[in-house]
Amino acid sequence: MSSRLIRFGVSLERELLSRFDSYARERNFPTRSEAIRALIKETLVRKEWLCGGEVAGAIVLVYDHGRREILKRITGVQHRNYGNVISTQHVHLDHDNCLEVVIVKGKPRAVETLYRNLHAIKGIKHISINTGTTGRAIP
Ligand code: NI
């Protein structure tokens, strides 16, 4: 790969750039370029994850359990993909909000599909996936 640097312009909303600069300071990146470079690498690693043999990770959800049908939908998706769900942990955060951690394992595409199906459920306040590894490919 060529190490030649290429400059390119990026247009961002002022507020977004200001938040990005705060993020870069907190993470001790010396320049915006370094911070952007790290984010691009992270994204590429995640893409690589999608092409691996078998992966393990965790999906984190936050939702209002009182919202109509939401529990039924979340449980339904997990049952339809039971082969990829190792376990779930449910925490009642407060009167309305629940946090659920779904431990997943399997072919990257199957785990990604499970994540997308959960992501598509209306009313979820937060959802993220920690793309872990089974560790087998790492010495
Ligand atoms: Ni709950």
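This is a predicted model, so every value here is computed, not measured. (Residues numbered from 1 in each chain as written. Predicted model: local features only at pLDDT ≥ 70, side-chain atom pairs only at ≥ 80, totals over all residues. Heavy atoms only, no water.)

S.K.: When you look at the sheet that holds strand 2 (residues 85-92) in this model, what are you seeing that I'm missing?
M.R.: Pairing between sheet strands relies on hydrogen bonds along the backbone, with the strands arranged either parallel or antiparallel. On the basis of which strands lie adjacent, the open sheet formed by 4 strands has the order 2-3-1-4 and antiparallel pairing. Either end of the sheet is taken by a strand with one partner, and the two such strands are strand 2 and strand 4 (124-130). Put simply, the sheet's adjacent strands are angled 15 degrees from each other on average, direction ignored. Of the strand pairs in this sheet, strand 1 (residues 55-64) and strand 4 are connected by 6 bridges, and their pairing is antiparallel. Opposite Ala58, over in strand 4, you have Asn130 as the bridge partner. Set on the sheet, helix 3 (residues 70-80) makes contact with strand 1, strand 2, strand 3 (97-106) and strand 4; between it and strand 1 the angle comes to about 170 degrees. (Pairing = 2+ DSSP bridges. Helix = DSSP H or I, 4+ residues; strand = E, 2+ residues; numbered from the N terminus. Axes fitted to C-alpha atoms, helices over the stretch in contact; angles between N-to-C directions. Contact = heavy atoms within 4.5 Å.)

S.K.: It is not clear to me how unusual backbone geometry should be interpreted in this structure. Could you clarify?
M.R.: Leaving glycine aside, a negative phi is the common case for residues, and trans is the common case for peptide bonds. Phi at Asn28 takes a positive value of approximately 60 degrees, unusual for a residue other than glycine. One can find Asn28 in the loop between helix 1 (14-26) and helix 2 (32-49).

S.K.: Please clarify how the nonpolar core should be interpreted in this entry.
M.R.: Note on soluble globular proteins: their nonpolar side chains tend to be buried together. Ile59, Leu61, Ile74, Leu118 and Ile124 are the most contacted members of the largest nonpolar core, which has 20 residues in total. When contributions to this core are tallied by element, the ones reaching two or more residues are strand 1, helix 3, strand 3, helix 4 (108-119) and strand 4. Sequence-distant contacts of Ile59, that is, excluding residues within four places in its chain, are made with Glu100, Val101, Val102, Val104, Leu114, Tyr115, Leu118, Ile127, Ser128 and Ile129. (Core = buried A, V, L, I, M, F, W, Y, C linked by side-chain atoms within 4.5 Å. Buried < 20%, exposed > 50% of the residue type's maximum accessible area, 1.4 Å probe, protein only.)

S.K.: Please clarify how the pairing of strand 3 should be interpreted in this entry.
M.R.: Where a strand is regular, its side chains alternate between the two sheet faces. Pairing geometry for strand 1 and strand 3, over 10 bridges, is antiparallel. Within strand 3, the residue paired with Ile59 across the bridge is Val102. Bridge count for strand 2 against strand 3 is 7 bridges, and the pairing is antiparallel. Across the sheet, residue Thr88 finds its bridge partner in strand 3, namely Val102. With antiparallel pairing between neighbouring strands as the criterion, strand 2 and strand 3 make up a hairpin whose turn holds 4 residues.

S.K.: Looking at this structure, I do not really get the packing of aromatic side chains. What am I missing?
M.R.: Aromatic ring pairs are reported here in terms of the distance separating the ring centres and the angle at which the planes meet. One pass over the full model with this rule turns up 2 aromatic pairs. Centre to centre, the rings of Tyr23 and Phe29 are 6.4 Å apart; their planes meet at 40 degrees, and the pair counts as tilted. Exposure remark for Tyr23: the relative accessible area of 24% places this residue in the partly exposed category. Taken together, the ring pairs connect Phe20, Tyr23 and Phe29 into an aromatic cluster. (Phe/Tyr/Trp six-rings, centres within 6.5 Å; stacked < 30°, edge-to-face > 60°.)

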